Amino acid sequence: MSARHFLSMLDYTTDELLGLIRRGSELKDLRERGVLYEPLKNRVLGMIFEKASTRTRISFEAGMIQLGGQAIFLSPRDTQLGRGEPIADAARVMSRMVDAVMIRTFAHSNLTEFAANSRVPVINGLSDDLHPCQLLADMQTFHEHRGSIAGKSVAWIGDGNNMCNSYIEAAIRFDFELRVACPEGYEPNAELLKLAGARVRVVRDPREAVAGAHLVSTDVWASMGQEAEAEARMRLFHSFQVTRALLDGAAKDVLFMHCLPAHRGEEISEDLLDDPRSVAWDQAENRLHAQKALLELLVEHAHYA
């Protein structure tokens, strides 16, 4: 099996990731100018959704169509990843029928097992551990607004979740300083923290994390699958809400990002997405363009065993 996968930011070199981001902006420009560009004609992307999503489905499906290909949406009702059929068997069958597979799932091990048995590229559309496609979009958005993020300061406020883990991977690859403000017991992955070394610091005070930051990002306090904890998390994370006043402590040219959907009045104040420092809508759109660059790279240039 020699297909190249995208399961983690760390699967790629800094130069490769920067290339993807630049290509995402180029593809965005082509679309804005109405240029028809269809390198993936007659190619098919299989999309397995164990977790529902708006942005992930639309961006991958629209992306494949815009590149001349097609996408097949498989809901939790359509597949039983690892339940009705072993993951390895599903991978062997599916990868003989499609040109790439995007999986949005719970356990990260589902992805690694599927990829190990797939003859086509496998893309992590989100797992409980990581969300690398979102980080491609975030890095593209920062690059378009502010240029290189290398040497800059980034603050993550809230849960040390899959998004936070991917921000740590991005800090390693794009060489920025990351300060994570989270309650005790909600820290990001310990192995990733160790790997990042001095680049990443965990603090308890959001104001300390945001001080002088060029980018501030957050996410919902209770992710999919954590609904039972929602009430307890609301109490615990109460002081971690990102507000306009909190952003005032950041750099003058700070950008605010949120991977969406946002719960206004919880992890962000009601008015924050309307603040001129917020680029959440550009960030959401860039899921489409960054993933098109990724699909082009993986599918067009794939050489299967």
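In the annotation of an unreviewed UniProt entry, the entry for the chain reads Ornithine carbamoyltransferase, and the organism field reads Pseudomonas panipatensis. The record held by UniProt for the chain lists under Pathway (unreviewed entry) the comment "Amino-acid biosynthesis; L-arginine biosynthesis; L-arginine from L-ornithine and carbamoyl phosphate: step 1/3." The UniProt entry for the chain carries this comment under Sequence similarities (unreviewed entry): "Belongs to the aspartate/ornithine carbamoyltransferase superfamily. OTCase family."

## Re helix H4 (residues 108–116)
If you check which residues of H4 are buried, you get His-108, Asn-110, Leu-111, Phe-114 and Ala-115. Across the axial projection of H4, the buried residues extend over an arc of 155°, all falling on one side. Those residues of H4 hidden inside the fold are in contact with strand E1 (44–49), helix H3 (87–94), strand E3 (100–104) and strand E4 (122–126).

## What about the pairing of strand E5 (residues 153–157)?
Of all 5 residues making up E5, 5 are buried, and the element is well covered by its neighbours. Side chains Ser-153, Ala-155 and Ile-157 project from E5 onto one buried face, and the interleaved Val-154 and Trp-156 project onto a second face that is buried too. In terms of strand pairing, E5 meets strand E6 (residues 177–181) through 5 bridges, oriented parallel. Bridging from a neighbouring strand, Val-154 pairs with Leu-178 of E6. Read as a crossover between parallel neighbours, the route from E5 over helix H6 (residues 162–174) to E6 is right-handed. Relative to strand E8 (residues 215–218), E5 runs parallel, the two being bridged by 4 bridges. The residue of E8 that forms the bridge with Ile-157 is Thr-218.

## A closer look at helix H11 (residues 280–300)
Taking 1.5 Å of rise per residue, the 21 residues of H11 would be expected to cover 30 Å, and the 30 Å separating its terminal C-alpha atoms lies within 8% of that figure. Asn-286 marks where H11 bends most, by close to 30°.

## Focus on the packing of helix H5 (residues 132–146) against H11
Two elements in contact, H5 and H11, have axes separated by 8 Å at closest approach and are oriented at 110°. Taken together, H5 and H11 sit at an angle that is classed as roughly perpendicular. Crossing geometry of H5 relative to H11 is assigned as right-handed. Contact with H5, carried on its side by Cys-133, Gln-134, Leu-136, Ala-137, Asp-138, Gln-140, Thr-141, Glu-144 and His-145, involves Asp-282, Gln-283, Asn-286, Arg-287, His-289, Ala-290, Gln-291 and Leu-294 of H11 and no other residues of that element. By residue class, the composition of the contact of H5 with H11 is 5 nonpolar, 8 polar and 4 charged.

## Let's talk about the sheet that holds strand E7 (residues 200–203)
If you walk across this open sheet you meet the 5 strands as E7-E6-E5-E8-E9, and the pairing is parallel. Every interior strand has two partners, whereas the edge strands, E7 and strand E9 (255–258), have only one. Direction aside, neighbouring strands of the sheet carry axes that sit 20° apart on average. Strands in contact with H5 are E8 and E9; relative to E9, the strand with the most contacts, it is inclined by about 160°.

## Section: the pairing of E4
For E4, the tally of buried residues reaches 5 of 5 residues, placing the bulk of the element in the interior. Bridge analysis of E3 against E4 gives 4 bridges, and the strand direction is parallel. Across the sheet, residue Val-101 finds its bridge partner in E4, namely Val-122. Handedness of the crossover is the feature at issue here: the chain leaves E3, passes through H4, returns alongside E4, and the resulting connection is right-handed.

## A closer look at the packing of helix H1 (residues 14–32) against H11
Two numbers describe how H1 lies on H11: the axes approach to 8 Å, and their chain directions differ by 110°. With respect to each other, H1 and H11 are oriented roughly perpendicular. For the crossing formed where H1 meets H11, the hand is right-handed. Contacts between H1 and H11 involve Leu-20, Arg-23, Gly-24, Leu-27, Lys-28, Arg-31 and Glu-32 from the former and Glu-285, Asn-286, Leu-288, His-289, Ala-290, Lys-292, Ala-293, Leu-294, Glu-296 and Leu-297 from the latter. Counted by class, the contact of H1 with H11 contains 7 nonpolar, 3 polar and 7 charged residues.

## Structural notes on the packing of aromatic side chains
Tallying each qualifying case throughout the model produces 6 aromatic pairs. Aromatic pair Phe-49 and Phe-73: ring centres 5.1 Å apart, planes at 45°, arrangement tilted. One end of the pair, Phe-49, is in strand E1; the other, Phe-73, is in strand E2 (residues 70–74), with 24 residues separating them in the sequence. On the basis of relative accessibility, which here comes to 29%, the residue Phe-73 falls in the partly exposed class. The interplanar angle of 65° and the centroid separation of 6.1 Å between the aromatic rings of Phe-237 and Phe-240 together place this pair among those described as edge-to-face. By relative accessible area, which is 0% here, Phe-237 ends up buried. When its relative accessible area of 4% is taken as the criterion, Phe-240 is described as buried. Within the aromatic cluster, the residues linked to one another by ring pairs are Tyr-186, Trp-221, Phe-237 and Phe-240. For Arg-4, the ring lying beneath its charged end belongs to Tyr-12, and the centroid distance is 3.9 Å. Between the NZ or CZ atom of Arg-57 and the centre of the ring of Phe-73, over which it lies, the distance is 3.7 Å.

About the thresholds
- Each chain carries its own residue numbering, running from 1 in the written order of its sequence.
- Note on the predicted model: pLDDT of at least 70 is required for a residue's local features to be given, and 80 or more for side-chain atom pairs to be given and counted; whole-chain, interface and lining totals, by contrast, use all residues.
- In computing side-chain values, all of the structure's heavy atoms are included and hydrogens and water are not.
- UniProt positions are given in the numbering used here, feature names are shortened, and annotations may be inferred rather than shown by experiment.
- Burial classes: relative accessible area under 20% of the type maximum marks a residue as buried, over 50% as exposed, and values in between as partly exposed (1.4 Å probe, protein chains only).
- The secondary structure listing takes helices from DSSP runs of H or I that are at least 4 residues long and strands from runs of E that are at least 2 residues long, numbered from the N terminus.
- It is the directions from the helix axis to the C-beta atoms whose arc is reported.
- Two residues qualify as a contact provided that any one of their heavy atoms is within 4.5 Å of a heavy atom in the partner residue.
- Any two strands are treated as partners once DSSP identifies two or more bridges connecting them.
- Convention used here: a crossover is right-handed provided that the path from the first strand, over the helix, to the second strand proceeds clockwise when the strands point away from the viewer.
- A helix is expected to span 1.5 Å multiplied by its residue count minus one.
- Across the chain, bend at a residue is computed as the angle between axes fitted to the seven residues ending at that point and the seven starting from it.
- A fitted line through C-alpha atoms serves as each axis, taken over the contacting stretch for helices, and the angle formed by two N-to-C directions is quoted from 0 to 180°.
- If an angle is under 35 degrees, it is roughly parallel; if it is over 145, roughly antiparallel; if it lies from 65 to 115, roughly perpendicular; otherwise it is oblique.
- By definition, turning the near helix anticlockwise from the far helix through less than a right angle yields a left-handed crossing, and turning it clockwise yields a right-handed one.
- The residue classification treats Ala, Val, Leu, Ile, Met, Phe, Trp, Tyr, Cys and Pro as nonpolar and Asp, Glu, Lys and Arg as charged. All others, Gly included, are polar.
- Only Phe, Tyr and Trp rings take part, Trp by its six-membered ring, and two of them pair if their centres are within 6.5 Å. Stacked means planes under 30 degrees apart, edge-to-face means over 60, and tilted covers everything else.
- Over a ring means this: the NZ of a Lys or the CZ of an Arg is within 6 Å of the ring centre and within 35 degrees of the ring normal.

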